[in-house]
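Residue strings, one per chain:
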Amino acid sequence: MKAIRCVNYGAPSSLVLEETDEPAPKRGQVVVETQAAGLGYVDALLVAGLYQVKTPLPFVPGSEVAGKVVALGEGVADTLMGKRVMALSPSGALAEKIALPAAACIPVPDTMSAEAAAGFIVSYCTALYGFETCGHLKAGETVLVLGAAGGVGMAAIDVAKAMGATVIAAASSETKRSAAKAAGADFAIDYTKDEWRKELEPLTGRRDVDLIYDPVGGDISETAFRCLAPGGRHLVIGFAAGAIPRIPLNLPLLKRSSIVGVDWGGYIRANPADNVPLLKTLTAMANEGRIHPEPAASYPLAEAPAVLQRLLDRESVGKPVITFDR
């Protein structure tokens, strides 16, 4: 079978597309014929060796997969054979087949494409976990989403709107702001301007925002935190800008506001059983038409290195997905 392999940490251009052996399912596992694989910024960091957790070399990148079950390991129910499923895996999605624990596989609803399912898991689970469990978002509150045009930001817009929030999208270009508005944001602002905070005032009635969704970090974070209303919550998702911000602790004290880490990946590593109910909630929301997880664009397997590079360079708009021709 064909697979993309990372043999040395570095630029995505160093990835190789090659023939490898097909996986055989162990006890409790299934083999999934991959139909689509979602890619995100973390996947690009793992290839570069820059993520806080390093995947041992060599490895097949990609953690989000959707496809059809084509083989069963010992102890797996026969009813899974031939089913469309989606799953999260530490690695291995950029291959034509992947062995996965049967317990990690979630049925893909008939109404959801393989592309949507593959681009769904990380961004949408992070958003729902962040807003619901960490941020305690309530209907009617105002959310400021930083880096709003990336896959993580787009999912945050979608979930926040489904939960009844007003969403202000912050992005660096007119193209990205237009994409965020098309994804459901009520307003969009340019956070590359020196005085971008002033753009929020007419949008919030000078009340400031209740919650910040921050996958960007860098210098933007402190300015964003200053936009919080008293009692607001700043959700830390990641640091796409590269620099880890150092927010003065007098700010949360004076604003009576919280800085909350949203490490969904760490949470499910510690509580793996909680991932399935979260995904079931999200698939139900998708079935009801409350969220709309279709990816921004699909690419063939050979283009995966270029897609990962665009993610590293923060040039990607929306969630990219790799599809597999048969």
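To be clear, the structure that these remarks concern was listed above.
Residues numbered from 1 in each chain as written. Predicted model: local features only at pLDDT ≥ 70, side-chain atom pairs only at ≥ 80, totals over all residues. Heavy atoms only, no water.

**Considering the overall build of the chain**
Item 1. In terms of regular secondary structure, the chain is built from 11 helices and 15 strands.
Item 2. Compactness check: the chain gives a C-alpha radius of gyration of 20 Å against a globular reference of 20 Å for 326 residues, within 12% of the reference.
Item 3. For the chain, the C-alpha atoms occupy an extent of roughly 60 × 40 × 35 Å along the three principal directions.
Item 4. For the chain, the share of sequence-separated contacts (at least 6 apart) that also reach a separation of at least 24 residues comes to 69%.
Item 5. Of the roughly 14200 Å² of accessible surface on the chain, a fraction of 52% belongs to carbon and sulfur atoms.
Item 6. With 31 positive and 35 negative side-chain charges, the chain shows a spacing of 4 Å between the two charge centroids. (Helix = DSSP H or I, 4+ residues; strand = E, 2+ residues; numbered from the N terminus. Rg over C-alpha atoms; globule rule 2.2 N^0.38 Å. Contact = heavy atoms within 4.5 Å. Areas by Shrake-Rupley, 256 points an atom, 1.4 Å probe, with all protein chains shown as cover. Lys, Arg positive; Asp, Glu negative; His and termini not counted. Charge placed at Lys NZ, Arg CZ, Asp CG, Glu CD.)

**Some remarks on the sheet that holds strand β8 (residues 142–145)**
Item 1. Across the sheet, which stays open at both edges, the 6 strands sit in the order β10-β9-β8-β11-β12-β13 with parallel pairing between neighbours. Two strands close off the open sheet at either side, each with one partner strand: β10 (187–190) and β13 (258–261). Recorded for the sheet is a direction-independent mean angle of 20° between the axes of neighbouring strands.
Item 2. The sheet strands contacting helix α6 (residues 197–204) are β8, β9 (166–171), β10 and β11 (209–214), and the helix crosses β10 at an angle near 160°. (Pairing = 2+ DSSP bridges. Axes fitted to C-alpha atoms, helices over the stretch in contact; angles between N-to-C directions.)

**Quick notes on the side chain of Lys 176**
Item 1. Assignment of secondary structure puts Lys 176 in helix α5 (residues 174–182).
Item 2. No salt bridge forms around the buried Lys 176; measuring N to O, its nearest opposite-charge neighbour Glu 315 is 8.4 Å away.
Item 3. With sequence-adjacent residues up to four places away left out, Lys 176 is seen in contact with Ala 149, Ala 171, Arg 314 and Val 317. (Buried < 20%, exposed > 50% of the residue type's maximum accessible area, 1.4 Å probe, protein only. Salt bridge = Lys/Arg side-chain N within 4 Å of Asp/Glu carboxyl O.)

**Considering the packing of helix α3 (residues 121–134) against helix α4 (residues 151–162)**
Item 1. In contact at an axis separation of 8 Å, α3 and α4 are set at 50° when each is read in the N-to-C sense. Relative to α4, the element α3 is oriented oblique. The handedness of the crossing between α3 and α4 comes out as right-handed. The residues of α4 that touch α3, namely those facing Ser 123, Tyr 124, Ala 127, Leu 128 and Phe 131, are Gly 151, Val 152, Ala 155, Ala 156, Asp 158, Val 159 and Ala 160.
Item 2. A per-class count over the contact of α3 with α4 returns 9 nonpolar, 2 polar and 1 charged. (Parallel < 35°, antiparallel > 145°, perpendicular 65-115°, else oblique. Left-handed = near helix turned anticlockwise from the far one by under 90°. Nonpolar A, V, L, I, M, F, W, Y, C, P; charged D, E, K, R; others polar.)

**As for α5**
Item 1. Of all the residues in α5, the buried ones are Lys 176, Arg 177, Ala 179 and Ala 180. Seen along its axis, α5 keeps its buried residues to an arc of 160°; they face one direction. What points out from α5, more than 90 degrees from its buried face, is the exposed set Glu 174, Thr 175 and Ala 182.
Item 2. Elements in contact with the buried residues of α5: α4, β9 and β10.
Item 3. Once α5 finishes, Gly 184 follows within two positions and takes phi at roughly 120°, a positive value. (Arc of directions from axis to C-beta.)

**Observations concerning the packing of aromatic side chains**
Item 1. Counted under the stated rule, the structure contains 4 aromatic pairs.
Item 2. Between Phe 131 and Tyr 213 the ring centres are 4.9 Å apart and the planes differ by 35°, which places this aromatic pair in the tilted class. With Phe 131 in helix α3 and Tyr 213 in strand β11, this residue pair connects regions lying 82 residues apart in the sequence. Taken as a pair, Phe 131 and Tyr 213 share a single burial class, namely buried.
Item 3. Sitting over the face of the ring of Tyr 9, Lys 54 holds its NZ or CZ atom 5.8 Å from the ring centroid. (Phe/Tyr/Trp six-rings, centres within 6.5 Å; stacked < 30°, edge-to-face > 60°. Lys NZ or Arg CZ within 6 Å of the ring centre and 35° of its normal.)

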